[in-house]
Amino acid sequence: MRLLAPLLLLAPLALVSAAVSSSASKFSSLLTSGKAGKSGILQLTNSLYDDLVAAPRDYAAMVLLTAQDAKFGCQMCKEFAPEYELLASSWGRKHRDGGGLFFASLDFAKGRDTFMKLGLNTAPVLFLFPPTTGPHADPAHAAAPFRYDFTGAATPAESVAAFITQHTPQYPIRVQRPYDYAKAGKLAGGVVLALAILRVAFKTLKPAIHSRNLWAALSLILILLFTSGHMFNHIRHVPYVANNGKGGISYIAGGFSNQFGMETQIVAVVYAVLAFCAISLGMKMQTIEDPSRQKFAVWAWNGVLLLAFSFLLSLFRQKNGGYPFKLPPMM
């Protein structure tokens, strides 16, 4: 009797362990038998879903609840399906028997009862069920799995792989995308076509390619584009103009850390005028042979230079009232 009591205490633990191992082996056998297809995704039914997510479990399960039928009109379901297959196949290449992480999918057509039980009225929904037993157990999420947050944009497999690694770091996934031969072929064809066109038209394009003025103009345009804040607009997605609160339009944003789209264009035009003034004074004036005309041109360009600088400083003062510098006539 003394020996029987410890055995009776260990019996429930043995039954739980047997249930866990038999459940994991059940899904491993489904993968190795080829019933999951080439992608390695288990196609679930209501009963198989309950078996997969039931606790205790010494494995993790990634379950996609989707609606692929055209009558449901789930565009995101169709867009995400190949990414989910890529994710599962990337894991399955090195883990033929699942490796402790199973990928599964339940379509609404086969799992209406499960959708209703979970209270779901949208798709796709992606759940991650972590292990509840073993060294990486997460009992807190035995019945409440992690849910992936789909956004309006396309969801790449790499994003879901990072989600899995974040919550179950024992399953690091490296997405292996197949080489896109079609894209490489198009790129190679485009390069060959461009080289052929360049060779045929080289005699015509040669003067332009060797033109110092052309390259100087292109360089100046790029410099003006970036120094005026064009890249800042693309990064911050700033508005073109704004309401000034008095029924009018504000073209200049207050503060040096903000700007409007039109403000960038105004500053670019001012910088361009200043650049052309400097170029004209440095290169064009010396080509004028008549002293009177040369003198008049010098004064004229200096006048434009003064006005442009004065306007630029006034813009700086509009952005920040504490800006200390000013230049007539725009005081």
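Structural data are supplied above this passage.
Here's a quick rundown of the structure. (Residues numbered from 1 in each chain as written. Predicted model: local features only at pLDDT ≥ 70, side-chain atom pairs only at ≥ 80, totals over all residues. Heavy atoms only, no water.)

### Points about the environment of lysine 319
Okay, so step 1: Looking at the secondary structure, you find lysine 319 in helix α11 (residues 291-319).
Okay, so step 2: You can call lysine 319 buried: its relative accessible area is 11%.
Okay, so step 3: Between the alpha carbons of lysine 319 and glutamine 259 there is a distance of 8.8 Å; along the sequence they are 60 residues apart.
Okay, so step 4: Dropping the residues within four chain positions of it, lysine 319 is found in contact with Ile252, Ala253, Gly254, Gly255, Phe256, Asn258, Gln259 and Glu263.
Okay, so step 5: Engagement of the side chain of lysine 319 in a polar contact is seen with the backbone oxygen of alanine 253, the distance being 2.7 Å. (Helix = DSSP H or I, 4+ residues; strand = E, 2+ residues; numbered from the N terminus. Buried < 20%, exposed > 50% of the residue type's maximum accessible area, 1.4 Å probe, protein only. Contact = heavy atoms within 4.5 Å. Polar contact = N/O pair within 3.5 Å; in protein donor to acceptor, adjacent residues only side chain to side chain.)

### A short note on the pattern of salt bridges
Okay, so step 1: Scanning all chains against the criterion turns up 4 salt bridges.
Okay, so step 2: For the salt bridge of arginine 177 with glutamate 83, the shortest nitrogen-to-oxygen distance reads 2.6 Å. Pair noted here: arginine 177 is in the loop between α5 (157-167) and α6 (181-200) and glutamate 83 is in helix α3 (residues 75-92), with a separation of 94 residues, a long-range link.
Okay, so step 3: Note on glutamate 83: relative accessible area 18%, which makes it buried.
Okay, so step 4: The shortest N-O distance in the salt bridge between glutamate 263 and lysine 319 comes to 2.8 Å. (Salt bridge = Lys/Arg side-chain N within 4 Å of Asp/Glu carboxyl O.)

### Description of the packing of aromatic side chains
Okay, so step 1: Taken as a whole, this structure holds 14 aromatic pairs when the rule is applied.
Okay, so step 2: Ring geometry for tyrosine 49 against phenylalanine 129: centres 6.4 Å apart, planes inclined by 80°, an arrangement best described as edge-to-face. Residue tyrosine 49 is found in helix α2 (residues 46-53), and its partner phenylalanine 129 is found in strand β4 (residues 125-129); the two are separated by 80 residues along the sequence.
Okay, so step 3: In this structure tyrosine 49 comes out as buried when scored by relative accessible area, which is 3%.
Okay, so step 4: One aromatic cluster is present, built from ring pairs that chain together Phe80, Tyr84, Phe103, Tyr148, Phe150 and Phe163. (Phe/Tyr/Trp six-rings, centres within 6.5 Å; stacked < 30°, edge-to-face > 60°.)

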